[in-house]
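Here's the letter readout for the chains.
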Amino acid sequence: MNAVLAVRQYVSKMIEDSGPGMKVLLMDRETTGAVSVVYTQSEILQREVYLFERLDSPNREPMKHLKAICFLRPTKENVELLVQELRRPKYSIYFIYFSNVISKSDVKALAEADEQEVVAEVQEFYGDYIAVNPHVFSLNLLGCCRGRSWDPAQLTRTTQGLTALLLSLKKCPMIRYQLSSEPAKRLAECVKQVITKEYELFDFRRTEVPPLLLILDRSDDAITPLLNQWTYQAMVHELLGINNNRIDLSRVPGISKDLREVVLSAENDEFYANNMYLNFAEIGTNIKNLMEDFQRRKPKEQQKLESIADMKAFVENYPQFKKMSGTVSKHVTVVGELSRLVAERNLLEVSEVEQELACQNDHSSALQSVRRLLQSPRVSELDAARLVMLYALRYERHASSGLPALLEELRGRGGTDRYRKLVSAVVEYGGKRVRGSDLFSPKDAVAITKQFLKGLKGIENVYTQHQPLLQETLDQLIKGKLKDSQYPYLGPNTLRDRPQDIIVFLIGGATYEEALTVFNLNRSNPGVRIVLGGTTIHNTRSFLEEVTAAGFRGRSTDSSQVPPRSSSRR
């Protein structure tokens, strides 16, 4: 179950099927993103694809010597643009691939427009999602719900993306969903409808244990997307933002022109692949080793380039040297900027208190720590608000809650009113009244003992104590202990055996901390393969946008005024 490989194979097949000769790749906004995360431009150039164009670009030149490979979402707009294209074709021959199921009527419209008979084939290749890592995919959708209900257009797009993932991995799963979430139930039903309607597409070879799709809701764990992160990939996304593997460094002080935007892709960057899940301290050491290795391998051009043989050796080694030089300068720049932000925003201290709020249960100590940081001028407006949000979620119903005083202190810091309002919006979005699971307290005697022992031993790293709720949910699922009463199956059938192939999908967005959880579960459970997907991949800023887009405006900080979630809980 490898999402990156699935989309790569589709792209390779398209290029192969079009045969030898010069080609143009015609895409739309979304398929451009889907291809760019799995293939570099230089890799595709080696396959005789010399031009990349958007179908909706108005001023494309006719180039009759090129074959066109079209990879498009089957939307109404794209079909209309293709119809116009085929009436006045700009290229010699067209190979058309849709990233999802296309209706018969749309195929008929294309056939009627193809009067010059330039279309060689029309196929469905289900790369209708962004393959972020081999075990992580996203649909890049922000603001998928309005209140506690789906935005209809986003529900349609999410259903398409999720069913495309299933088709690309060749899985026809049994479906379980979070009962306390109406959107989870709704998405489960929509996916099931597509599987039933397109049963021929989903007719894969049966496995002994059927695959399982588990649909969850972000609002069950609003803590995870609010925390600062300390592993490389998660930290880069939290502090700099990753968009389709690209990082915008244009705001970095004194940045050189060629480093304003860099790509971090585990497929094409060995250092990133080896370090993406390591913590920040280890990355610092590894960067130093990378630099030293680079210095050792540097061509000896400073010393002598006297003979023809010397020059030949230099030229032969140069591409490798240049590639390594690019990797070194990129990661040194990224890690340097992360270090600058950590120091400037006092993130070590901030993160320690965040972890205390998420993992400990000492109210007076937590309140004291939050107040101390709110008074520090080095703590940014976002970080101050984030601490108050975590406090509000953690001690929502505490008898001696200090929330009103903390909100006053936020106001006293100056800045905008936006973050202050967002504190109650976050509680409204993911507070106690709407959660289907118990986010904070350990569930049984074993868990309590574990927590107690953990407290005695001290933890290896104070900044990474927190485990997302997903860790426990998946752990229970793998052991066959996940309660049907909280996560029912859709339909009458249930799994008798422990699941092996698991696709878990988070409505409202996943995080890179959860991606790390899944990576570790895959590593520690041989025979179990888990793929994690989300409507998007959040950092704190995008999560707060999600909450705002859902219409939670933070009318009141009193949790008793939160509208209850629909009573689907039994």
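Residues numbered from 1 in each chain as written. Predicted model: local features only at pLDDT ≥ 70, side-chain atom pairs only at ≥ 80, totals over all residues. Heavy atoms only, no water.

A. Region of the structure containing the pairing of strand β1 (residues 23–27). Along β1, five of the five residues are buried, which leaves the element largely enclosed by surrounding structure. Side chains of β1 alternate between two faces, with K23, L25 and M27 and V24 and L26 buried alike. Where β1 meets strand β3 (residues 67–72), five bridges bridge the pair, whose relative direction is parallel. By the bridge assignment for β3, K23 is matched with K67. (Buried < 20%, exposed > 50% of the residue type's maximum accessible area, 1.4 Å probe, protein only. Helix = DSSP H or I, 4+ residues; strand = E, 2+ residues; numbered from the N terminus. Pairing = 2+ DSSP bridges.)

B. Highlighting the packing of helix α4 (residues 76–87) against helix α5 (residues 104–113). Where α4 contacts α5, the axes come no closer than 8 Å and their chain directions differ by 15°. When the interaxial angle is binned, α4 and α5 end up roughly parallel. Relative to α5, the crossing made by α4 is right-handed. Between α4 and α5, the contacting residues are V79, L82, V83, L86 and R87 on the first element and D106, A109, L110 and A113 on the second. (Axes fitted to C-alpha atoms, helices over the stretch in contact; angles between N-to-C directions. Parallel < 35°, antiparallel > 145°, perpendicular 65-115°, else oblique. Left-handed = near helix turned anticlockwise from the far one by under 90°. Contact = heavy atoms within 4.5 Å.)

C. The arrangement of the environment of I287 in detail. Considering the arrangement of structural elements, one finds I287 in helix α10 (residues 280–297). Separated by 48 residues in sequence, I287 and V335 have C-alpha atoms that sit 8.4 Å apart. The contacts of I287, once residues within four sequence positions are left out, are F271, H331, V332 and V335.

D. Summary view of the packing of aromatic side chains. Applying the stated rule across the entire model yields 13 aromatic pairs. Judged by centre distance (5.9 Å) and plane angle (55°), the ring pair of Y91 and Y94 falls under tilted. We classify Y94 as buried; its relative accessible area is 0%. Aromatic ring contacts, followed pair by pair, group Y10, Y97 and F125 into a single cluster. The ring of Y419 has R418 lying over it, and the distance from NZ or CZ to the ring centre is 5.0 Å. (Phe/Tyr/Trp six-rings, centres within 6.5 Å; stacked < 30°, edge-to-face > 60°. Lys NZ or Arg CZ within 6 Å of the ring centre and 35° of its normal.)

E. Highlighting the pattern of salt bridges. The full count for this structure, using the stated rule, is 31 salt bridges. Linking R157 and E30 is a salt bridge whose minimum nitrogen-to-oxygen distance equals 3.1 Å. Of the two residues, R157 sits in helix α6 (residues 152–168) while E30 sits in helix α2 (residues 29–36), which places them 127 residues apart along the sequence. Overall, E30 belongs to the partly exposed group, its relative accessible area being 28%. The partner of D221 in a salt bridge is R218, and the shortest N-O contact between them spans 3.6 Å. The same class applies to D221 and to R218, which are both buried. A single network of salt bridges, built from pairs that share partners, joins E238, R345, E354, D383 and R386. (Salt bridge = Lys/Arg side-chain N within 4 Å of Asp/Glu carboxyl O.)

F. Geometry of the pairing of β3. In terms of burial, β3 is largely enclosed, as six of its six residues are buried. Side-chain alternation along β3 places K67, I69 and F71 on one buried face and A68, C70 and L72 on a second face that is also buried. The sheet contact formed by β3 and strand β4 (residues 93–98) spans six bridges and is parallel. Opposite K67, over in β4, you have I93 as the bridge partner. As for the winding sense of the linkage, the β-α-β connection from β3 through α4 to β4 is right-handed. (Right-handed = clockwise from strand over helix to strand, strands pointing away.)

G. The arrangement of the sheet that holds β4 in detail. Spatially, the five strands line up as an open sheet ordered β2-β1-β3-β4-β5, and their pairing is parallel. Strand pairing shows two members of the sheet lacking a second neighbour, β2 (49–54) and β5 (119–124), which therefore form its edges. Along the sheet, successive strands turn relative to each other by an average axial angle of 15°, direction set aside. Two elements, β4 and β5, share five bridges in a ladder whose sense is parallel. By the bridge assignment for β5, I96 is matched with V122. Packing against the sheet, α4 makes contact with β1, β3, β4 and β5, and its axis sits at approximately 170° to β4.

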